[in-house]
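One letter stands for each residue in the lines below.
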Amino acid sequence: MTIARDRLRVAVQKSGRLAETSLSLLRRAGLSFRASRDRLFLYGENLPIDVLLVRDDDIPGLLMEGSCELGIVGRNVLAEQRLTALPGTDAPAERLALGFGGCRLSLAVTDGGPITVPAQLDGLRIATSYPGLLADWLAVNGIRAEIVVLSGSVEIAPRLGKADAICDLVSSGATLAANQLHELVAILHSEAVLAASPHPLGSAKAEQVERLCARIEGAQSSDGARLLMLQAPRTALAAITRLLPVRESPSVLSLDGLPDDIAVQALCSGALDWQHLEDLKRLGARGLMVLNVERMLA
Ligand code: PRP
Ligand code: ZN
């Protein structure tokens, strides 16, 4: 029997590459939490949205069984789930790409070892937590290797004599370097995504999901967003617009008593440094002002 839950649950990696940024994204979306004693459950204080801290590999399963409505997980974990799920089961769907946690799933071998190209893996053993993705890649590339499935600490398998190569996630490369391994080839590129349970939601929860998604998108787009304000001769508008890293058409306002002049407000992404401002000034812009954007809602 399932017990009805009113509150939305979001599964997040407990520790690892995505853990910290996932939680800070939820905080930037306006959620605040109180941690349980064991620190595995974060109770949402200001919205009916709680966070479950788990192993990233468990997130697809939690979404599929409906224990969580949403999860922040690498696209690689979802892709693996899709390849290894029993036929006929509904896989979790990707709702939003989150733009952090960029990494790749790569084949790696021991530094100074005999293997220099993937074809040499034929007949050898490869340790991985991603048997589905690895088997798929091996089949496509016509390489027959034995897959040794490990749930963690894959990087120490060659040293323990359990495998001749590994297939694991690489982000900074620090883990490989620390274990005297190097990449042979990347088989998948990935980033963190917001994944949703395949189970249909009641209207109240569906509304919470939409709200959270809109807020996350807002938090993402206000990242690095700047509002530029300036005044300029009307004739300089096109040249000014061309110089701006604008996201959408700028607002142009007329100025009281100055028919030949305009005020411009432009939402810009990325750097607006002194050089930018000086170039704009050269086109006749004055009263330039750059403001950080705190929040955005499309
Ligand atoms: C991955 C991978 C490595 C590490 C690589 O772990 O298994 O341990 O990240 O990152 P690096 O190149 O920056 O050193 P992840 O955080 O996904 O956790 P898990 O393997 O324990 O699930
Ligand atoms: Zn993992």
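Residues numbered from 1 in each chain as written. Chains lettered and ligands numbered in written order. Predicted model: local features only at pLDDT ≥ 70, side-chain atom pairs only at ≥ 80, totals over all residues. Heavy atoms only, no water.

Attention now moves to the overall build of the chain. For the chain, the count of helices and strands is 8 helices and 16 strands. Rg of the C-alpha trace for the chain: 25 Å, well past the compact-globule value of 19 Å for 298 residues, more than 25% over. Structurally, the chain occupies a C-alpha span of about 80 × 55 × 35 Å along its principal axes. Looking at the chain as a whole, 41% of its 298 residues are labelled buried. (Helix = DSSP H or I, 4+ residues; strand = E, 2+ residues; numbered from the N terminus. Rg over C-alpha atoms; globule rule 2.2 N^0.38 Å. Buried < 20%, exposed > 50% of the residue type's maximum accessible area, 1.4 Å probe, protein only.)

Ligation of the zinc ion (ligand 2) by protein atoms is provided by Asp56 (OD), Asp56 (OD) and Asp57 (OD), these donors lying 2.2 to 2.8 Å from the ion. One way to put it: the 4 donor atoms around the zinc ion (ligand 2) meet at angles of 50 to 124 degrees, and that makes the site irregular. Residue classification places Asp56 among the buried positions, given a relative accessible area of 13%. Under the relative-accessibility criterion, Asp57 is labelled partly exposed at 30%. (Donors = N, O, S within 2.8 Å, 3.2 Å for Na, K, Ca; no water. Tetrahedral: all angles 85-135°; square planar, octahedral: opposite > 155°, others 65-115°.)

Around ligand 1 sit 13 residues, and of these Arg17, Ser171, Ser172, Gly173 and Thr175 come closest. One of the side-chain N or O atoms of Gln13 is found 3.4 Å from an oxygen atom in ligand 1. At 2.5 Å from an oxygen atom of ligand 1 is found a side-chain nitrogen or oxygen belonging to Ser172. When ligand 1 sits alone it has 500 Å² of accessible area, and the protein chains cover 75% of it. When atom positions are compared with the pocket grids, ligand 1 is found to occupy the largest pocket. Those elements that provide at least two residues to the shell around ligand 1 are strand S10 (165-170) and helix H5 (174-178). Per element, the largest residue contribution to the shell around ligand 1 is 3 residues, and it comes from S10. Counted by class, the shell around ligand 1 contains 3 nonpolar, 6 polar and 4 charged residues. When residues of the shell around ligand 1 are sorted by domain, at least three fall in each of domain 1 (8-101 + 192-222) and domain 2 (103-189). (Near = heavy atom within 4 Å. Polar contact = N/O pair within 3.5 Å; in protein donor to acceptor, adjacent residues only side chain to side chain. Areas by Shrake-Rupley, 256 points an atom, 1.4 Å probe, with all protein chains shown as cover. 1 Å grid on protein atoms, 1.4 Å probe; cavity = no way out; pocket = protein on both sides within 12 Å on 5 of 7 lines; lining within 4 Å. Sits in = over half its atoms within 2 Å of the grid points. Nonpolar A, V, L, I, M, F, W, Y, C, P; charged D, E, K, R; others polar. Domains from an automatic or database assignment.)

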